[in-house]
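# Structural characterization, general
The residues making up each chain are set out below.
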Amino acid sequence: MSKRVADALFPNIKTTCEEAQAMYPPRALPEGAVCTRFAPSPTGFMHIGGLYTALLNSIFTRSRGGVFFLRIEDTDQKRQIENGVTEIISALDEFQIHFDEGAVSETEDRGSYGPYRQSLRREIYQVFAKYLVEIGRAYPCFCTADELESIRARQEAADAPQKGYYGQWAACRDLDEETVLKRIANGDRWIVRMRSGGKLGVSRVYHDMIRGDLSMQENILDAVIIKGDGLPTYHFAHVVDDHLMGTTDVIRADEWIASIPLHVEMFELLGFPVPRYTHLSPIMKNEVKEDGEGVSRRKLSKRKDPEARVGYYDEAGYPIPAVLDYLLTIGSADYEPWREEHMDAPIYDFRLDLSKTGAAGALFDFDKLNNVAKKRIGHMSEEQIFDAVSAWAKRHDAQLDRFIRDNGDTFRRSITVWHERRLDVAKWSDLMELYPYLYDPDFAVDAGALPESFLAHRERIPGILADYLETFDYEDDSDAWFGKVKEVAARHNYCVKMGAYKKHPEDYNGSIADLSSFIRYALTGTTNTPDLHGIIHVIGREAAIGRVNAFLEKLN
RNA sequence: GGCCCGGUGGUCAAGCGGCUAAGACACCGCCCUUUCACGGCGGUAACACGGGUUCGAUUCCCGUCCGGGUCACCA
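Residues numbered from 1 in each chain as written. Chains lettered and ligands numbered in written order. Predicted model: local features only at pLDDT ≥ 70, side-chain atom pairs only at ≥ 80, totals over all residues. Heavy atoms only, no water.

## Some words on the overall build of chain A
When helices and strands are tallied, chain A shows 23 helices and 15 strands. On C-alpha atoms alone, chain A measures out to a radius of gyration of 33 Å, which is more than a quarter above the 24 Å that the 2.2 N^0.38 rule sets for 556 residues. Across its three principal directions, the C-alpha atoms of chain A cover 110 × 50 × 40 Å. Contacts in chain A between residues at least 24 apart in sequence constitute 70% of all its contacts with a sequence separation of at least 6. Accessible surface, chain A as shown: approximately 26200 Å² in total, 49% of it carbon and sulfur. Of the side-chain charges in chain A, 68 are positive and 88 negative, and the distance between the mean point of each set is 4 Å. (Helix = DSSP H or I, 4+ residues; strand = E, 2+ residues; numbered from the N terminus. Rg over C-alpha atoms; globule rule 2.2 N^0.38 Å. Contact = heavy atoms within 4.5 Å. Areas by Shrake-Rupley, 256 points an atom, 1.4 Å probe, with all protein chains shown as cover. Lys, Arg positive; Asp, Glu negative; His and termini not counted. Charge placed at Lys NZ, Arg CZ, Asp CG, Glu CD.)

Here you go:
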């Protein structure tokens, strides 16, 4: 019936649906195995939400076997950016998310269900679009933007129960064949729309792995399937590709929930089985409202939030496995306890049950990320830390990089000081921040503003430090060194036993804690540090003595 | 605005008709301790609201409120 229209629309398409499908044989997946995909658009830097989606897809698939592939959704030519595919691939690679099939570079694919970028699949979509036109389930639409707008205006005026292109409002839906043929021949601009069979007000139950059964009105819109440039819309491409490529589980962002009825109708129109759907809630952020009253949640925004960009985490020096751990704690309530038990297991050993993923969007929590990262770093070996920091510094911190190059051994020894039985460091950029006295070659203590707690001791400090220097021997081990500090303390009437001091503080000038803090401050410029003896042996004999001397000079 | 989804402490969350309503992060206190940290112990803090159903509701139903999503030839 509409064969003539179909041919007029797609004169170059000779392939049939059967032939096209024959090129994509069903996947021979083992029992229980799944096939999933990550399908981003190359429109900018990788978003943390995209990474989250990719990660969950990946874990879900790895933990039960199957195929995970990367498909590039580049049907919107206007939004493409230079090297968009490379951006995606390198970000995923950096976060150790690997694909079995899909785009592997700006131009190359791997796998036999490709091509894996939609711009290269134009003819395939057209085969199925042509078929739908032939069987009368799709038709060309010649409406201009202005006409569409006028339809909308009339719907508003008539208070139509639903706005959009459907039913009697669909101007091109029932154009007679001769008119259509004539307009095509005339070169009128056209797009193709599906002819929906849905009825207004009729609900159906759709299933989502996270939310369960969803009752929604079936689709009634004659959605566009082929755009003016001959490429498909997202919806049509999703249906054709995920069928051909054998996707069993579509795990994507929840902004697609509203499109489920549309997608299901398309699958059914084409006679394809419908995949299982899982819609992930976005990662949110609190924002102070514009009037300054209270806060509201909103999705992490590419434009406003630096932490939305995955590159942010690498630049800050969060270990990649820590970021992954954090994302998974958001993704599944089961993950944290599992991780406690299996601190050294690869993430892919975790069996992800998507039905246990929360339906509400989680607020991004830096406190939690930092805690997860500290634990992660705490479990790394010093060798792993050395390698990770070296690699990171090379990319993001010239000063630390230089230090490691010039003082590799020193740096290696320094790791013990802040790593052993400590959880101070969440990200590599903390190192310079926390420990300038270890890593800044030009480090000098500012004796201008002494800590308030020093005031009562001010007059005695020079004598104490002079005595300390007198007895100091770089070769002393930790016990010997501290023994001498105690001797100095006793000489100046600083109580060496904290218990005794607390009972009768009035009997002493101060405590061993006070006295230690003078040395600590002279060495590091702060009163809170890791083990002092360890620090002394990282900065070396010269600095260990020199800094105290310099401090003494400034005091006098 | 219509439709859809969501709503347990500051945050992430267990719970799935009967509990003194877990746990983690953050915060506070104590202990340990030469500082800090680590570790141990303890603490503050929650079922959005109003109706039902039920012997009994955090849990089931309805409404309200709040938050989010979606209504394109963008994905």
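## A look at unusual backbone geometry
Trans is the common state for peptide bonds, and a negative phi is the common state for residues other than glycine. For the peptide bond that leads from Gly 114 to Pro 115, omega is 0°, which places it in the cis range. Mapping Pro 115 onto the fold places it in the loop between strand S4 (109-110) and helix H5 (122-134). Of note, the phi angle at Asp 159 is positive, near 55°, even though the residue is not glycine.

## Here's the deal with the protein's contact with RNA strand B
In the neighbourhood of RNA strand B, 53 residues make up the surrounding shell, with Arg 211, Lys 227, Lys 368, Arg 422 and Thr 529 lying closest. When atoms of RNA strand B within 4 Å of the protein are sorted by moiety, sugar and phosphate together comprise 70%. Between RNA strand B and the protein, one listed contact pairs a phosphate oxygen with a side-chain N or O atom of Lys 227 at 2.6 Å. With respect to RNA strand B, the backbone of Gly 228 contributes an N or O atom lying 2.6 Å from a base oxygen. Those elements that provide at least two residues to the surface near RNA strand B are strand S6 (191-194), strand S8 (212-217), helix H13 (366-379), helix H21 (498-503) and helix H22 (512-524). With four residues, H22 is the single largest residue contributor to the surface near RNA strand B. Of the residues that constitute the surface near RNA strand B, the class distribution is 22 nonpolar, nine polar and 22 charged. (Near = heavy atom within 4 Å. Polar contact = N/O pair within 3.5 Å; in protein donor to acceptor, adjacent residues only side chain to side chain. Nonpolar A, V, L, I, M, F, W, Y, C, P; charged D, E, K, R; others polar.)

## What about the packing of helix H19 (residues 461-471) against helix H23 (residues 532-555)?
Axis separation between H19 and H23 bottoms out at 10 Å; the angle between their running directions is 145°. Like other packed secondary-structure pairs, H19 and H23 cross with a definite hand, here left-handed. Contacts from Ile 461, Pro 462, Leu 465, Ala 466, Tyr 468 and Leu 469 in H19 reach Ile 536, Ile 545, Val 548, Asn 549, Phe 551, Leu 552 and Leu 555 in H23. Each residue belonging to the contact of H19 with H23 can be placed in one class, and the counts come to twelve nonpolar, one polar and no charged. (Axes fitted to C-alpha atoms, helices over the stretch in contact; angles between N-to-C directions. Left-handed = near helix turned anticlockwise from the far one by under 90°.)

## Some details on the packing of aromatic side chains
To describe a pair of aromatic rings, you give the distance between the ring centres and the angle between the ring planes. Counted under the stated rule, the structure contains 28 aromatic pairs. Ring centres 5.1 Å apart and planes at 80° place the aromatic pair Tyr 312 and Tyr 313 in the edge-to-face group. What makes Tyr 312 partly exposed here is its relative accessible area of 26%. Since its relative accessible area comes to 1%, Tyr 313 is described here as buried. Note on Tyr 335 and Trp 338: the rings are 5.6 Å apart at their centroids and 40° apart in plane angle, and the pair reads as tilted. Within this pair, Tyr 335 and its partner Trp 338 are both found in helix H12 (residues 335-341), separated by three residues, close to a single helical turn. On the accessibility criterion, Tyr 335 (0% relative accessible area) is buried. For Trp 338, a relative accessible area of 15% puts it in the buried group. One aromatic cluster in this structure is built from Tyr 312, Tyr 313, Tyr 318, Tyr 326, Phe 364 and Phe 366. (Phe/Tyr/Trp six-rings, centres within 6.5 Å; stacked < 30°, edge-to-face > 60°. Buried < 20%, exposed > 50% of the residue type's maximum accessible area, 1.4 Å probe, protein only.)

## Comments concerning the sheet that holds strand S2 (residues 66-70)
Hydrogen bonding along the main chain pairs the strands of a sheet, whether they run parallel or antiparallel. Read from one edge to the other, the open sheet built from four strands follows the order S1-S2-S3-S4, with strand pairing classed as mixed. Pairing within the sheet leaves two strands with one partner each, and these edge strands are strand S1 (34-38) and S4. Both strand S3 (residues 101-103) and S4 contribute to a ladder of two bridges, which runs antiparallel. Each residue of the ladder has a partner; that of Ala 103, found in S4, is Asp 109. In the packing of helix H4 (residues 84-94) onto the sheet, the strands contacted are S1, S2 and S3, and the crossing angle to S2 comes to about 140°. (Pairing = 2+ DSSP bridges.)

## Looking at the confidence of the model for chain A
On average, residues of chain A score 94 in pLDDT, and 99% of them reach the 70 mark or higher. Quick note on the complex model: pTM equals 0.93, ipTM equals 0.95. (pLDDT = per-residue confidence, 0-100.)

## Regarding the pattern of salt bridges
Any two side chains of opposite charge can pair if their charged atoms end up close together. For the structure on display, the rule yields 38 salt bridges. Residue Asp 76 is joined to Arg 79 by a salt bridge in which the shortest nitrogen-to-oxygen separation is 3.4 Å. In this structure, the salt-bridge partner of Asp 430 is Lys 427, at a minimum N-O distance of 3.0 Å. Comparing Asp 430 with Lys 427 shows no difference in burial state: the two are buried. Here the residues in one salt-bridge network are Arg 37, Arg 71, Glu 73, Arg 121, Asp 241 and Asp 242, joined through shared partners. (Salt bridge = Lys/Arg side-chain N within 4 Å of Asp/Glu carboxyl O.)

## A few points about helix H3 (residues 48-62)
Here H3 contains 15 residues, and its C-alpha end-to-end distance of 21 Å stays within 8% of the 21 Å for a straight helix at 1.5 Å per residue. In terms of residue burial, H3 counts as a mostly covered element, since 14 of its 15 residues are buried. (Expected span 1.5 Å × (residues − 1).)

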